[in-house]
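Single-letter residue listing:
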Amino acid sequence: MTSDHWRTIKSLPQLSLSELFESNDKRLAKLGLEQSGLYFDFSKTHLNDEALQAFQGLADHLGLSAKTKALLSGEPINISEGRAAEHCAERGIGNLASVENARALHLRMKSLIEVIDSGALGEFTQIIHLGIGGSALGPKMLHQALKLGDEKYELAVVSNIDGCALEPVLERFDAGKVLLVIASKTFTTAETLLNAQSVIDWMREQGVADPLGQVVALTADPEQAVQWGVDETRILPFSETVGGRYSLWSSIGFSVALALGYDVFAELLDGAAAMDQHFQEASWDQNIPVLAAFADQYYAQVRECETRAVFAYDERLGLLPDYLQQLEMESNGKSVTVDGEPLSLHSSPIVWGGVGTDAQHAVFQLLHQGSHLVPVEFLAVIEPGDSLNPSHHNGLLLNCFAQGAALMAGKKSDDSHRNYPGDRPSVTILLEQLEARSLGALLAFYEHRTFVNAVLLNINPFDQFGVELGKQMAGKLAADDGNRLDASTEELKKRAFGV
Ligand code: F6P
């Protein structure tokens, strides 16, 4: 019974982090793991041999091996939608037909990039990428992380329906030089299509004779894009089995591949494939995504932590917490098991975070002394991304490491206001360099960790029905067909629109 395993896990002795270090001088060797230019330090979590063993028992019981195999071989594991989850096929791991298909679609994307680079479609130097959620967060985050600043194309990613997001881009950009990229898996998303229409209108107003001739569409539903008016030759399809929040690896990565070069995109895929392989082959006690998920479940279920905080000690990775919020919360924010039964465990924690050192001067008070226990994740890059005096980067890294040490050690004081309880856990992920390969491996790590968490919770991480109701309500409010919503909502509408 699953509950027996949880009972075992919850009844394990709860040693403090300092006791765990004192009782095992091999702790760091065991819980510090390297892979693809990344170093993961899980030693400042409360995992120990007994906990690992108990979690392995749970994972065994829940069929983690078989489920991983099903994921990586393209079986229809997204049962509520009756399809596979084939983001790994984009990286070359999956069933043969899907891998071949992904490869062919990548080649098509590469060819279109070559045509655009040659100037055959126009003299483009600016890209407006429109998309939202998984069709925007990945490209935006990747571009910020990897851009050098001397690229041929300037890229603006716009997601929000709020005109305050799009208007400044239109004011800055030159309609004749803009390639408009519309990224939408379904090609039905209201925000993206309204923004796209506004860009087309703006191009026309600016004297562009054939705005649709400057459009590229990235979608799993090419028919919809054709109906919208996009020329078939400039539609880059991807498979329906690639989920929105896992779609960075598909043609949704086009704008980044164009802006930074296809080779960068190819390296990103290679890095992810290396992590896929590690996840597929490493034994559980050395499997990085598996260990991370064990720690996540320990904090979520045993210590009942409701949030997890991620701090990137690198400006270039500043959008990573946003990306992870969608990946983890949209995947694992569920209240029913795969069988539709009520979930008796805590589902995904609320993922939040920011950049260091800024966050230290804003929210770290709560991490050190607040009544919530918040597992923290630190990310840092050893090689600096700037050429200023090394004291900048050295200070950044030292602060990062010091925070993890301070959270763990704490500091006793007779003055309760000045007392730091300590024993607060953190994971540190160190990248040797911030480049496409290591970033690809890092993102694949997060995907697999999210998957393992879902297996341990026995939920389906690949659907997202929870986002639909709000969309339906927005439609109802807009319809103005006499059907009223609740009094509060109707009053808000009246105050805004007068009706
Ligand atoms: O509303 C949620 C969602 O469906 C996400 O899952 C998805 O990434 C996003 O909207 C955008 O959807 P699409 O790519 O179909 O426009």
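Please refer to the structure placed before this passage.
The shown structure was predicted, so the numbers you read here are calculated from the model rather than taken from an experiment.

**Student:** Can you help me understand the sheet that holds strand β4 (residues 154-158) in this one?
**Tutor:** To summarise the sheet geometry, strands pair through backbone hydrogen bonds and adopt either a parallel or an antiparallel arrangement. Taken in spatial order, the five strands make up an open sheet running β4-β3-β5-β6-β7, and their pairing is parallel. With partners counted over all chains shown, the strands left at the sheet margins are β4 and β7 (235-237), one partner each. Sheet twist, expressed as the average angle between the axes of neighbouring strands with direction ignored, equals 15 degrees. With five bridges joining them, strand β3 (residues 126-130) and β4 adopt parallel strand pairing. Within the sheet, the bridge partner assigned to Leu 130 lies in β4 and is Val 158. Across the sheet, helix α8 (residues 163-172) lies against β3 and β4, angled at about 160 degrees from β4, the strand it touches most.

**Student:** Looking at this structure, I do not really get unusual backbone geometry. What am I missing?
**Tutor:** Negative phi is the rule for most residues except glycine; trans is the rule for most peptide bonds. Gly 356 connects to Thr 357 through a cis peptide bond whose omega is 5 degrees. Within the secondary structure, Thr 357 sits in the loop between β9 (350-355) and α15 (364-369). In this structure, Phe 187 is a non-glycine residue whose phi angle is positive, near 55 degrees. By secondary structure assignment, the location of Phe 187 is in the loop between β5 (178-183) and α9 (190-205). Although it is not a glycine, Asp 423 sits at a positive phi angle of roughly 60 degrees. Counting through the fold element by element, Asp 423 comes out in the loop between α16 (391-409) and β11 (426-431).

**Student:** Explanation requested: the site of the ligand in the structure shown.
**Tutor:** Neighbouring the ligand are 14 residues, the closest being Ser 135, Ser 184, Lys 185, Thr 186 and Thr 189. Within the side chain of Ser 184, one N or O atom sits 2.6 Å away from an oxygen atom of the ligand. Between the ligand and Lys 471 there is a distance of 3.1 Å, counted from an oxygen atom to a side-chain nitrogen or oxygen. For the ligand, the protein covers 88% of the area, taking 390 Å² as the surface of the free molecule. With respect to the detected pockets, the ligand is housed in the largest pocket. A class-by-class count of the residues in the shell around the ligand yields two nonpolar, nine polar and three charged.

**Student:** Would you take a moment to explain the layout of surface pockets for this structure?
**Tutor:** Taking a probe equal in size to a water molecule and rolling it over the atoms shows the remaining empty space. Reported here for the largest pocket is a volume of approximately 910 Å³. Of the residues contributing to the lining of the largest pocket, the split by class is 12 nonpolar, 16 polar and nine charged.

**Student:** Is there a simple way to think about the packing of aromatic side chains in this case?
**Tutor:** Centre distance and the angle of the planes are the two values used to describe a pair of aromatic rings. Going through the model one piece at a time under the given rule, you end up with 15 aromatic pairs. Here a set of aromatic residues connected by ring pairs shows up, and it is made of Phe 311, Tyr 313, Trp 352, Phe 364 and Phe 378. One Lys or Arg, Arg 27, reaches over the ring of Phe 21 and ends 5.4 Å from the middle of that ring. Sitting above the plane of the Trp 249 ring, Arg 91 keeps its charged end 4.5 Å from the centroid.

**Student:** Looking at this model, I keep getting lost on the side chain of Thr 307. Mind explaining?
**Tutor:** Of note, Thr 307 is situated in strand β8 (residues 307-313). Here Trp 352 takes part through its side chain, which lies 3.0 Å from a polar atom of the side chain of Thr 307.

**Student:** Help me understand empty space enclosed by the protein, please; the structure alone is not making it clear to me.
**Tutor:** Using the criterion set out here, one finds five cavities of 30 Å³ or more in the structure. Computed from the structure, the largest cavity encloses a volume of approximately 120 Å³. Every residue lining the largest cavity is counted, 18 residues in all, and those nearest its centre are Ala 295, Asp 296, Tyr 299, Arg 308 and Pro 375. Going through the elements one at a time, α13 (288-302), β8, β10 (376-381) and β11 are the ones with two or more residues in the lining of the largest cavity. If one sorts the elements of the lining of the largest cavity by residue count, α13 sits on top with five residues.

**Student:** Sorry, what's going on with α8 here?
**Tutor:** Owing to its 3.6 residues per turn, the α-helix aligns residues three or four sequence positions apart on the same side. Listing the buried residues of α8 in full gives Leu 166, Val 169 and Leu 170. Down the axis, α8 shows its buried residues gathered within 100 degrees of arc, on one side only. Opposite its buried face, α8 presents the exposed residues Cys 164 and Glu 171, each directed more than 90 degrees away. In this structure, the buried side of α8 is in contact with β3, β4 and α9.

Rules used in this analysis
All residue numbers refer to position in the chain's written sequence, counted from 1. Restriction of local features to residues with pLDDT of at least 70 applies here, the model being predicted, together with a cutoff of 80 or more for giving and counting side-chain atom pairs; totals for whole chains, interfaces and linings are based on all residues. With hydrogens and water excluded, all non-hydrogen atoms of the structure serve as input to the side-chain values. Any two strands are treated as partners once DSSP identifies two or more bridges connecting them. By definition, any uninterrupted DSSP run of H or I lasting at least four residues is a helix, any uninterrupted run of E lasting at least two residues is a strand, and each is numbered from the N terminus. Where helices are involved, their axes are fitted lines through C-alpha atoms of the stretch in contact, as for all axes, and angles between N-to-C directions lie from 0 to 180°. The criterion used for residue contact is that any of the two residues' heavy atoms lie within 4.5 Å. Near is defined per residue: the residue qualifies when any heavy atom it owns lies within 4 Å of the molecule or strand. Under the rule applied, a polar contact is a pair of N or O atoms within 3.5 Å (in protein, one hydrogen donor and one hydrogen acceptor; residues adjacent in sequence only if both atoms are side-chain atoms). Residue burial considers only the protein chains on display, and all accessible areas are found by Shrake-Rupley using a 1.4 Å probe. A pocket here means an open set of points on a 1 Å grid, computed over the protein atoms alone, that has protein on both sides within 12 Å along at least five of seven lines. A cavity is instead a set of points where a 1.4 Å probe fits but cannot get out; residues with an atom within 4 Å of a point line either one. Molecules are considered to sit inside a cavity or pocket once more than half of their atoms lie within 2 Å of its grid points. When residues are grouped by polarity, Ala, Val, Leu, Ile, Met, Phe, Trp, Tyr, Cys and Pro land in nonpolar, Asp, Glu, Lys and Arg in charged, and all others, Gly among them, in polar. Grid points are joined across faces, edges and corners, and a volume is the space filled by probe spheres set on the points. What counts as a ring pair is set by centres within 6.5 Å for rings of Phe, Tyr and Trp (its six-membered ring), and what kind of pair is set by the plane angle: stacked under 30 degrees, edge-to-face over 60, tilted for all other angles. Only when the NZ of Lys or the CZ of Arg is both within 6 Å of the ring centre and within 35 degrees of the ring normal is a charge said to sit over the ring. Exposure is judged per residue with a 1.4 Å probe applied to protein chains only, and the accessible area is read against the type maximum: over 50% gives exposed, under 20% gives buried, and values in between give partly exposed. By arc we mean the arc of the directions from the helix axis to the C-beta atoms, nothing more.

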